[in-house]
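# Residue-level structural notes
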Amino acid sequence: MSSDNTEAGEATEATGGEAAAVWDVIVVGAGPAGSSAAYAAARAGSRVLLLEKSELPRYKTCGGGIIGLSRDALPPGVELPLRERVNAVTFSLNGRLARTRRSRNTLFGLVNRADLDHRLAEAARWAGAELRTGVTVSRVEQHGSAVPDRRTVAVVLADGETLLARAVVGADGSASRIGAHVGVRMDQVDLGLEAEIPVPATVAEDWAGRVLIDWGPLPGSYGWVFPKGDTLTVGVIAPRGEGERTKRYLEDFIDRLGLAGFEPSVNSGHLTRCRADDSPLSRGRVLVCGDAAGLLEPWSREGISFALRSGRLAGEWAARLAETGDAVDARRQALNYTFAIRSGLGVEMGVGRRLLAAFARRPGVLHAALTGFPPAWRAFARITRGQTTPAEIVRTHPLARRLVSSLDHAGRQPTASDRA
């Protein structure tokens, strides 16, 4: 971004006798959620500063699956840095009963998060946002000596520098400091472990265009193999609190795939967190989105589409929030953002929680359906292509609705009235 553009994008405010830049919107975190928010706010005409603690590109623990909802939520003109197009899925049940289902058309794509995040941050810069990397945010303040008035939020950096904005978007990941300020509460925490395994061309060819999804030995767990050229991303996820068993699942998974003899280039772990249904999404002039808000699909733990979609909404509403002149109007805009999230992504998460609970109890039912019941496979394919969502299927298909309801009932603990 040019210096002329930067100077045109800054206003000044008297703070402690010194002139300080006041941005319309500061976005903390340049992952998919943050870059989408910065892009949307900049396109709405806001003066936007995007902060990222790491230098880009940087590695992120993530399978990198790009379903249709993610593709459709990308900022216009952003080309996906695809490493693989997937048209076949092998399903297995803890290493057994493997069966491969194929599609004539692409089901979804695979990317490295480093590539995707870098491209999205560049799109935000192209839209007019200024990007600063190598910057760690220690806290935000909406009251106190650092805040000149009630229309301003102070973003305090680890080196002591204070930045000012009319609105702040927190997109700083699942251990978000901005989320802590807002008061985000999580009711589901999972541990994901992942290895990036370089493989010879002969092995890579066997995986080209095909992924493996293994329903795991721990309740609610599963593993995956995602091919990306000459590297296989191999990972597992399970509820937090089962760290040793989750690690053993990954080791056994890699071993039975015949990949134990190849040295991983990266071994990493990451906690994913899903918000409680009534968890706040804003506080004053601060909004949260993506992982910082605990927004992801509870069953699959897919987060990229939730990050892109919630980030876009957060950016749009932050731009409106920045224009408000009083607390009442600011509160109204923040509530509008909350409603937009809850009426869309929140509904999807509600269905995802029900599906996770059913899957955790009876993973074999899901495996049998996907490998032996054509309508279930077609539904899976339509979901991955972005043609529908699990929530939409449950809402519109009586059979799916009855199945989920019956699984809900089967897993419910008997009450005193049931036993009477």
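For every chain, the first residue of the written sequence is number 1, and numbering continues from 1 along that sequence. With pLDDT at 70 or above as the cut-off, local features in this predicted model cover only qualifying residues; side-chain atom pairs require 80 or more to be listed or tallied, and sums for whole chains, interfaces and linings still use all residues. Excluded from the side-chain calculation are hydrogens and water; included are all heavy atoms of the structure.

## Examining the packing of aromatic side chains
- Two aromatic rings from Phe, Tyr or Trp, using only the six-membered ring of Trp, form a pair when their centres are within 6.5 Å; if the ring planes differ by under 30 degrees the pair is stacked, by over 60 it is edge-to-face, and anything between is tilted. Applying the stated criterion across every chain yields a total of 11 aromatic pairs.
- Two conditions define a charge located above a ring, namely a distance within 6 Å from the ring centre to NZ of Lys or CZ of Arg, and an angle within 35 degrees of the ring normal. Its end group placed over the ring of Phe306, Arg309 keeps NZ or CZ at 5.0 Å from the ring centre.

## Looking at the state of the cysteines
- Our working definition of a disulfide is a cysteine sulfur pair at a distance within 2.5 Å. Under the defined criterion, the tally for this structure stands at zero disulfides.
- Not part of a disulfide, Cys62 finds its nearest cysteine sulfur in Cys274, a span of 14 Å.
- Under the scheme applied here, a residue whose accessible area is under 20% of the maximum for its type counts as buried, over 50% as exposed, and between as partly exposed, the area being computed with a 1.4 Å probe on protein chains only. We classify Cys62 as buried; its relative accessible area is 16%.

## Some remarks on the sheet that holds strand β8 (residues 108–110)
- By definition, two strands form a pair when at least two bridges between them are found by DSSP. Each helix is a run of H or I in the DSSP string that is no shorter than four residues. Each strand is a run of E no shorter than two, and both are numbered from the N terminus. Strand order in this open sheet of three strands is β4-β8-β5, and the pairing throughout is antiparallel. Two strands lie at the open edges of the sheet, namely β4 (65–66) and β5 (84–86), each paired on one side alone.
- As defined by bridge partners, β5 adjoins β8 across three bridges and the pair is classed as antiparallel. Along β8, the bridge assignment pairs Glu84 with Leu110.

## A few points about the confidence of the model for the chain
- As a per-residue measure, pLDDT tells how confident the predictor is, with possible values from 0 to 100. The pLDDT averaged across the chain works out to 91; a share of 91% of its residues lies at or above 70.
- Only heavy atoms enter the contact rule, under which two residues are in contact if any of them lie within 4.5 Å. Low pLDDT, under 50, characterises residues 1–19; the predicted model gives this stretch 30 contacts beyond four residues in sequence or across chains.
- Below pLDDT 50 for its whole length, residues 411–420 participates in four contacts with residues either more than four positions away or in separate chains.

## Section: the pattern of salt bridges
- A pairing counts as a salt bridge when a side-chain nitrogen of Lys or Arg comes within 4 Å of a carboxyl oxygen of Asp or Glu. Counting across every chain of the model gives 19 salt bridges.
- What emerges from the salt-bridge pattern is a single network uniting Glu52, Arg58, Arg113 and Asp117.

## Some details on the pairing of strand β11 (residues 153–157)
- When you tally the buried positions in β11, you get five out of five residues, the bulk of the element.
- Residue alternation in β11 divides its side chains into two sets, Val153, Val155 and Leu157 and Ala154 and Val156, and both sets are buried.
- Strand direction decides the pairing type here: β11 and strand β12 (residues 162–170), joined by four bridges, are antiparallel. Counterpart to Val155 in the pairing with β12 is Leu163.
- Counting the residues in the hairpin turn of β11 and β12 gives four residues, including Gly160, whose phi is positive at 100°.

## Some remarks on the packing of helix α2 (residues 32–43) against helix α4 (residues 113–127)
- To obtain an axis, a line is fitted to C-alpha atoms, over the contacting stretch when the element is a helix, and the angle between two such axes runs from 0 to 180 degrees between their N-to-C directions. The geometry of α2 relative to α4 is characterised by a closest axis approach of 8 Å and an angle of 15° between their N-to-C directions. When the axes of α2 and α4 are compared, the pair comes out roughly parallel. The way α2 lies across α4 gives a crossing that is left-handed. Contact with α2, carried on its side by Pro32, Ser35, Ala38, Tyr39, Ala42 and Arg43, involves Arg113, Asp117, Leu120, Ala121, Ala123, Ala124, Trp126 and Ala127 of α4 and no other residues of that element. Orientation is classified from the angle alone, with under 35 degrees giving roughly parallel, over 145 giving roughly antiparallel, 65 to 115 giving roughly perpendicular, and any other angle giving oblique. Two helices cross in a left-handed way if the nearer one is turned anticlockwise from the farther one by less than a right angle. They cross in a right-handed way if the turn is clockwise.

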